Structures are given as C-alpha cells and as structure tokens.
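Fold and geometry: a report
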Amino acid sequence: TPLQALHLANDPVFVELAAELGERIERDGGPDDAARVRFAFRACFARDPDSQEAARVLAYLGAQRRANPAAAWAAAARVLLNLDEFITRE
C-alpha cells in the first residue's frame, strides 16, 4: 500500500539497513558498478537482475552520484529494500 511504502522508505531502521547494505555493496560487490548491481540483487532477491532492471538501477545510481556521491549506493539500496519483491516473499 502507499502508506506501507512511505513508512518503509522513511523508517529509521530501513534507512540504517540501506546505509549498511550500500557500504557492503561498495566493499564486497566487485570492481565495477555492473558487478555491484548483480551483487545487490543477489543479496536482496537471491537472483541476478535482468538487463532492464540493471539499467534502471545504474541510471538511478548515476543520478544519485550527481546529487550526493557519498550516499549513492545507500540510496540505491533503499530503493531495492522498498521493492515489493523484497518485502513480500511468495
């Protein structure tokens, strides 16, 4: 629901989790952004991203780097943690 999405996007626990995940992605994710996106998807969803998903995350990451380079991966992690696929296991 929209209220759930708003809560999860701004909840202090999710913000801290995203910051830590962002650091882990940068540290352990690989030598380049494409490898780090794959690592992030494996960590969050236990699968690799398809080409469209990877392109969208990379585009978002680029925009976040222009706004705040130090927190770009944390911002990308917040998006992944707020996706329905992460929240709802089927």
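What counts and how
Residues numbered from 1 in each chain as written. Predicted model: local features only at pLDDT ≥ 70, side-chain atom pairs only at ≥ 80, totals over all residues. Heavy atoms only, no water. Buried < 20%, exposed > 50% of the residue type's maximum accessible area, 1.4 Å probe, protein only. Helix = DSSP H or I, 4+ residues; strand = E, 2+ residues; numbered from the N terminus. Contact = heavy atoms within 4.5 Å. Lys, Arg positive; Asp, Glu negative; His and termini not counted. Salt bridge = Lys/Arg side-chain N within 4 Å of Asp/Glu carboxyl O. Polar contact = N/O pair within 3.5 Å; in protein donor to acceptor, adjacent residues only side chain to side chain.

**A word on helix α5 (residues 72-81)**
Burial analysis of α5 places 8 of its 10 residues in the buried class, the great majority of the element. Of the residues making up α5, those classed as buried are Ala72, Trp73, Ala74, Ala75, Ala76, Ala77, Leu80 and Leu81. Buried positions along α5 lie against α2 (12-28), α3 (33-45), α4 (51-67) and α6 (84-87).

**Examining the side chain of Arg36**
For Arg36, the location among the structural elements is in helix α3. Salt bridges are absent for the buried Arg36, whose nearest opposite-charge side chain, Asp33, sits at 4.1 Å. For Arg36, the side chain forms a polar contact with the main-chain oxygen of Glu26, separated by 3.3 Å. Those residues within four positions of Arg36 in sequence are excluded, and the remaining contacts are Ile25, Glu26, Gly29, Gly30 and Trp73.

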